[in-house]
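A structural walkthrough
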Amino acid sequence: MLRVGLTGELGSGKSTVAQMLAALGAVVLSSDEMGRSMMQPGHRVYAQIVERFGPGIVSPDGTLNRHALAHLAFDPHNPRIEELNAIIHPAVITEQADKIAEIAHTQPHAIIVVESALIFSTKHAPQGSWRSRFDCIVLVTAPDDAKIERFIQRTASSSANQAALRQDALRRLEAQRTAIPRDVPLFTIENAGSIADLEARVNTLWEQLTDMERSS
């Protein structure tokens with residue numbers, strides 16, 4: 001079994017890379033999807049977020065108002081993103097560890113890819129540092145302008161304020177940035193061209209990961 005951490009900043013294209021790896025045979029665990037599931041009513045994480053951030057982030061139907069929550073978390077004057085991360089990250093990382101252990105029993109030669117933007121920057125990993133969680137890291141990169149435009153395109157509605165979304169993207173990128181340790185077993189995928197270019201790079205990466213799993 002090979003445990004791969006797939007990371008990259010907002011708009012880098014890591015979710016697209018994750019989909020391509022899944023199509024090639026990887027078992028992909030999405031941190032964002034796990035987090036969204038835990039933020040639904042009835043989950044302990046949901047209750048903790050409401051307790052910490054107040055009833056103002058709850059929509060009339062009882063779900064979290066993600067826009068209101070993001071406004072508080074990324075407030076430039078009083079950012080509270082680490083308060084939110086301290087609730088979500090430990091729960092997500094623990095669930096990932098449990099799922100990886102389950103997969104190991106049924107698929108001992110699986111290549112498991114955990115997609116997460118905050119592998120290196122999270123301060124709230126109950127299982128220890130990334131070194132205890134992953135055998136290697138895949139970093140997806142792209143120019144900042146491209147990352148911001150991708151974020152705007154997937155977020156904007158017809159009435160959205162483009163300038164406000166751009167500022168939101170910049171704040172999120174700043175929150176995600178961290179120095180990558182020099183001794184990381186690292187594969188870098190540049191996502192600055194076409195989908196065909198990206199797919200070719202991912203196919204090459206898959207061959208490298210397969211070889212790495214066989215030799216482990």
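Going by the structure above, here's the rest.
Below is a short write-up of the structure. From a predicted model like this one, the values you see are computed outputs, not experimental measurements. (Residues numbered from 1 in each chain as written. Predicted model: local features only at pLDDT ≥ 70, side-chain atom pairs only at ≥ 80, totals over all residues. Heavy atoms only, no water.)

Now for the sheet that holds strand E3 (residues 111-115). Read from one edge of the open sheet, five strands run E2-E3-E1-E4-E5, paired in parallel fashion. Pairing within the sheet leaves two strands with one partner each, and these edge strands are strand E2 (27-30) and strand E5 (186-190). Each adjacent strand pair in this sheet contributes to an overall mean axis angle of 20°, direction not counted. One ladder, built from five bridges, connects strand E1 (residues 2-7) with E3; its direction is parallel. Following the sheet pairing, Leu-6 is matched in E3 by Glu-115. (Pairing = 2+ DSSP bridges. Helix = DSSP H or I, 4+ residues; strand = E, 2+ residues; numbered from the N terminus. Axes fitted to C-alpha atoms, helices over the stretch in contact; angles between N-to-C directions.)

Here we take up the packing of helix H2 (residues 31-38) against helix H5 (residues 81-106). As a packed pair, H2 and H5 sit with axes 10 Å apart at the nearest point and diverge in direction by 115°. Between H2 and H5 lies a crossing of right-handed hand. Two secondary-structure elements touch here, H2 through Ser-31, Met-34, Gly-35 and Met-38 and H5 through Ile-88, Ala-91, Val-92, Glu-95, Gln-96 and Lys-99. When its residues are assigned to classes, the contact of H2 with H5 shows five nonpolar, three polar and two charged. (Left-handed = near helix turned anticlockwise from the far one by under 90°. Contact = heavy atoms within 4.5 Å. Nonpolar A, V, L, I, M, F, W, Y, C, P; charged D, E, K, R; others polar.)

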